[in-house]
Amino acid sequence: METATHMLRTGRRGALFQLQMAFRDLRNSFARLGLAWSLATHDVASRYRGSVLGPFWITLSMGLMVLGIGFLYASLFNLPLEQFLPYVALGIVFFGVMTGTINEGCDTFVQASGMLSQTSLPMLTFVWRTVFRNLINLGHHLVIVVAVLIFGGYWKVADPALALAGILLMLLNASWVSLLAGIASARYRDIPQIVGSVMQFAIFMTPVFWLPDRFGKHQVYLDLNPFYHLLQAVRGPLMGQPVLAHTWVVLVSMAVLGWGATFLIFARTRRRIVHYL
Amino acid sequence: MTTASIRCTDLTIRFPVYGADAKSLKKALARAVSVGGALGRHAGVTDVTALAGVNLELKAGDRLGLIGHNGSGKTTLLRALSGAYEPDEGTIDVHGRIAALLDLSLGIDPTATGYDNIRLRGRIAGLSSREIEARMDEIAEFTGLGPFLAMPVKTYSAGMQGRLAFAAATAVEADVLLMDEWIAVGDADFQKMAHKRLLNLVERAGILVLATHELPLLKLYCNKVMRMEGGVASEVVDIRKVDQLLKA
């Protein structure tokens, strides 16, 4: 690898040069995706070290939560359980991927400060570590996803390919927010609390626990909620519901614009992040 | 194999040091609103010039000792050589694989076992999982920690942690080794082995840059010496002239 045997750093400035360096960071981080994966698996393994079930604690605790909320809300709203349980389960699981990626994004650089201050590792490696860690968590939840789809009989109508596209767009969007939160949290230490509050607010304002058609004439406002689109693009295909065309438009443009703007901020702050820490 | 070399020209590094107030967005916002100042500027942020126009040229076989008071820029120079800090002015040009042993806790997860930490450290240093497994026995033997390697690192003493970190970090064939102080870890036996390993590295046409306050250590490992003061570096001189350098 070129960077391993020759390192040239200059004090050159200028927007174009900063952008070039940011792209080099991106390339190098892709070349070492294996490292990000190793760090992520290590994170998950060490979080559950010493417990009997290991990482399947993630599955168990999520399963219990899904069951509890499923039963409670189904009876509160007077809805059939085999419809509502899968709905809530998918909502909690996939909203959790977004919350996890974004909330833990705040910690990305702070947690890696030791490594960042004495190696030339690409900074984005640590962003992928956060994303991969949440992907591994999602992997453990797939058992629940499959179980509720069978329980509700949705496996007959589910469109896994389209749902995969939805998951991809969800990750693409969550990852730029995660990077942005990482940079901001390195600079301002009160950002994680703010991000946490926003995400908690979002889970109640988004149809995770409730059905959008109960919203009546206010349904138009749902269109303004980006999390609604993100969730719908995954949950819809899995439950055999059509996904509106404009949802895809919103998600793709959000990913493109979000990554574009965040990457510019990253290019500008990249060499400073290590000093923030 | 490339021959190692280090060249810094007019290397200047400045960085902002953020006080507690400057790290709060709420306070920065309140200030911006009440005083009308720009966000995040000039409040509790001090600009420090850590290195000012450092010129340094090292070639294979050089073992440079860095001396100077605390805060004179030794560690900043090492961090810059490791690629972590980017210059504000000037250039850093390093040929060869770099291994930095600046912080004992790099890639050390206290809850994980010694073995897991060696794996993690190796992955960070750029080894593949297979390469690490191939070297595991050798590294494990070098640490001399035996059965302790299967225990969590948090149960280790500082000396044991030092052994683990040193063994893991030097297991990678590095051409340029950057070290800060703590080389004096472990007991006499380990010191002897560490000494051998370091000399071995330098024989393999490597470069060692070592920051230390201890003169005996300096004389033991280094053949050249440079003094830092307030971010300004002296000439690189032969180790035999270290006393003159200290008096100057």
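Residues numbered from 1 in each chain as written. Chains lettered and ligands numbered in written order. Predicted model: local features only at pLDDT ≥ 70, side-chain atom pairs only at ≥ 80, totals over all residues. Heavy atoms only, no water.

Undergrad: What's the story with helix H5 (residues 81–105) of chain A in this structure? I'm lost.
TA: Helical geometry note: an α-helix holds 3.6 residues per turn, so side chains three or four residues apart project in the same direction. Taking 1.5 Å of rise per residue, 25 residues should cover 36 Å, and H5(A) covers 35 Å from first to last C-alpha, within 8% of that figure. With 20 of 25 residues buried, H5(A) lies mostly within the body of the structure. (Helix = DSSP H or I, 4+ residues; strand = E, 2+ residues; numbered from the N terminus. Expected span 1.5 Å × (residues − 1). Buried < 20%, exposed > 50% of the residue type's maximum accessible area, 1.4 Å probe, protein only.)

Undergrad: Which parts of the structure should I look at to understand the domain arrangement of chain B?
TA: When the parts of a complex come together, some accessible area is lost, and that lost area is often used as the size of the interface. Residues and elements named next belong to chain B. Partitioning chain B into structural domains gives domain 1 (12–51) and domain 2 (61–247). Here the C-alpha centroids of domain 1 and domain 2 sit 34 Å apart. Taken together, the 6 residues of domain 1 in the interface contact 12 residues of domain 2. A combined buried area of about 750 Å² lies between domain 1 and domain 2, and 57% of that area is made up of carbon and sulfur atoms. For the pair domain 1 and domain 2, the interface holds 1 salt bridge. Here Arg14 makes a salt bridge to Glu89, at a shortest N to O gap of 2.9 Å. There are 4 residue pairs in polar contact (both at pLDDT 80 or more) connecting domain 1 and domain 2. (Domains from an automatic or database assignment. Contact = heavy atoms within 4.5 Å. Buried area = accessible area lost by both parts, 1.4 Å probe. Salt bridge = Lys/Arg side-chain N within 4 Å of Asp/Glu carboxyl O. Polar contact = N/O pair within 3.5 Å; in protein donor to acceptor, adjacent residues only side chain to side chain.)

Undergrad: What is the right way to read the packing of helix H8 (residues 124–151) of chain A against helix H9 (residues 160–187) of chain A from this model?
TA: Residues and elements named next belong to chain A. Close contact between H8 and H9 brings their axes to 10 Å; oriented N to C, the two are set at 130°. Looking at the two axes, H8 sits oblique to H9. Regarding H8 and H9, the two cross each other, and that crossing is right-handed. Two secondary-structure elements touch here, H8 through Leu124, Val127, Thr130, Val131 and Leu135 and H9 through Leu171, Ser175, Ser178 and Leu179. Broken down by class, the residue content of the contact of H8 with H9 amounts to 6 nonpolar, 3 polar and no charged. (Axes fitted to C-alpha atoms, helices over the stretch in contact; angles between N-to-C directions. Parallel < 35°, antiparallel > 145°, perpendicular 65-115°, else oblique. Left-handed = near helix turned anticlockwise from the far one by under 90°. Nonpolar A, V, L, I, M, F, W, Y, C, P; charged D, E, K, R; others polar.)

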